[in-house]
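Fold and contact review
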Amino acid sequence: MKFFYLICVLLLLNSCSVKDTQSQTQSNKSLKPIKIKPSDDKPEFIADLKNISQDVSFYTKNIQENFFFAQEEYEKQYFKVWNLDKVSISLQDAKWAHRRYKVGDTYGENLQLHTEAFFRDNLQNANYEAYQSINKKALTLVNVNLRAFPTNKPVLKDPKQAGEGFPFDYLQNSSIAANKPLIISHYSKNKKWAFVESSFAFGWVKSRNIVIINDKYTKIWQKAQQVFIVKEGVPIYSQDNEFLFKSRIGMILPLVEEDEDFYTVLTLSKYKNKKPLYIQSKIEKTIASRGILKFNAQNINMILKEVSKTNYGWGGIFAQRDCSSTLRDFYAPFGLWLPRNSSKQSSLGKIIKLEGLSNDAKLKILKKEGLAFRTLVYKQGHIALYVGEYKNQAIIFQNVWGVKTKKDGVEGRFIIGRPIFSTLEVGKNLKNFDTNASMLINLKSISIL
């Protein structure tokens, strides 16, 4: 078995305060009732969140499917950067953000316009003269942010505009969970940052948060039986009970051994003298699966609830998820690999174009052709998952920041900021709902996986 092989190799790897009730009562005696005039401005709410079931099990109750996706293909994609001779991203693509963002229309964390020096200094520090000079395999030690410049400082558009400012930092490419494969192109001039490629995205990470691994050991890691994490946010510890990181849906770890209640997995969270320090961690079988899960109602319920524990986070900022990373991680424990951004995800599977059709025609096609939990619903810049019908309405699962509104020609947002089940016209009940911005009217395609 695979984990017996890994056991043998491990020998090589680690040579509210209490109030005064009496005074409160005395004070209340002197109070006179205040008459409040009723207001016509009642607080608005999203009707879908009250009228549409938010329980995933409602939508999976009729699912009869019980099959596996291809674990071998998933692992091939997951580990692909460890099987490259060099970073596969072109230098031009690596520098995309330096061409796109310029002085004059971008803002910093103080909500003031960036200076020319900000862009000049970051470009110089990026050290692109050394591009593809390292080409070493590596592993993340903790959850890391993948940045478009070698800096934590943000690039924001005009924060006075709806849908801009916080949390839309355009330097936030993505986030990568702990113990995920990377390949390093080169380091910034100050050595604080490394430009890396992962299986689904590329950019800058802090050098201290990754460690280089010899090719010999990347092969060992890949050959092991893999354990797929199925619970979100569970602390994982070393054998000495030292905290390493929290579990995250979409994470897989190599199996060393198992008993009735626990998996022992290989982890890597720190290093000595810039050398990897391999650690064995015991994790309960309730938080992981040896191999991929069957795609069935019970497992869909479990995984979708877990990915819903995080709020909306643009580019994975603050260890949250955005629309596309929510879907990526949802499918991961089932062994279905998705690319990072919404446009690339929409190009998978059987694609049905919907542009130019009426709203009724789009809904008719979605209901007829769509497979619950296997159909991606795409509009420019946003993607969701078709889950079936509720009271004859097509329902999607989406991680969404907010609903576009418009009053007297001025655009606004009604903030949601989390994963929800909704119709394709979520927020339609709002007084200032912007009909032209709805998911339905802008629907470009559906993709059946």
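Each remark here, short or long, concerns the structure printed above.
An account of the accompanying structure is given in this report. (Residues numbered from 1 in each chain as written. Predicted model: local features only at pLDDT ≥ 70, side-chain atom pairs only at ≥ 80, totals over all residues. Heavy atoms only, no water.)

Further remarks concern helix H11 (residues 323-331). Across the nine residues that make up H11, a large majority, nine, are buried. Burial in H11 covers these residues: Cys 323, Ser 324, Ser 325, Thr 326, Leu 327, Arg 328, Asp 329, Phe 330 and Tyr 331. Buried positions along H11 lie against helix H10 (297-307), helix H12 (342-345), strand E16 (375-379), strand E17 (382-390) and strand E18 (393-407). (Buried < 20%, exposed > 50% of the residue type's maximum accessible area, 1.4 Å probe, protein only. Helix = DSSP H or I, 4+ residues; strand = E, 2+ residues; numbered from the N terminus. Contact = heavy atoms within 4.5 Å.)

Another aspect to go through is the pairing of E16. Of all five residues that make up E16, five are buried, and the element is covered over most of its length. Here E16 shows no split at all, with Thr 375, Val 377 and Lys 379 on one side and Leu 376 and Tyr 378 on the other all buried. Bridge count between E16 and E17: five bridges; the pairing is antiparallel. The residue bridging Leu 376 from the neighbouring strand is Leu 385, located in E17. (Pairing = 2+ DSSP bridges.)

Pairing in this open sheet of six strands is antiparallel, and the strands run E15-E20-E16-E17-E18-E19 from one edge to the other. Here the strands that pair on one side only, and so sit at the sheet edges, are strand E15 (350-353) and strand E19 (410-422). Pairwise comparison of adjacent strand axes, ignoring direction, gives a mean angle of 35° for this sheet. When E15 meets strand E20 (residues 443-448), the two strands line up antiparallel, connected through four bridges. What sits directly across from Ile 351, in E20, is Ser 447. (Axes fitted to C-alpha atoms, helices over the stretch in contact; angles between N-to-C directions.)

So, about unusual backbone geometry. Residue Phe 166 is joined to Pro 167 through a cis peptide bond whose omega torsion reads 0°. Residue position: Pro 167 is located in the loop between strand E2 (144-147) and strand E3 (172-176). Within the chain, Lys 191 stands out as a residue other than glycine whose phi angle is a positive 70°. Inspection of the secondary structure puts Lys 191 in the loop between strand E4 (181-187) and strand E5 (193-197). Judged by its relative accessible area of 55%, Lys 191 is exposed.

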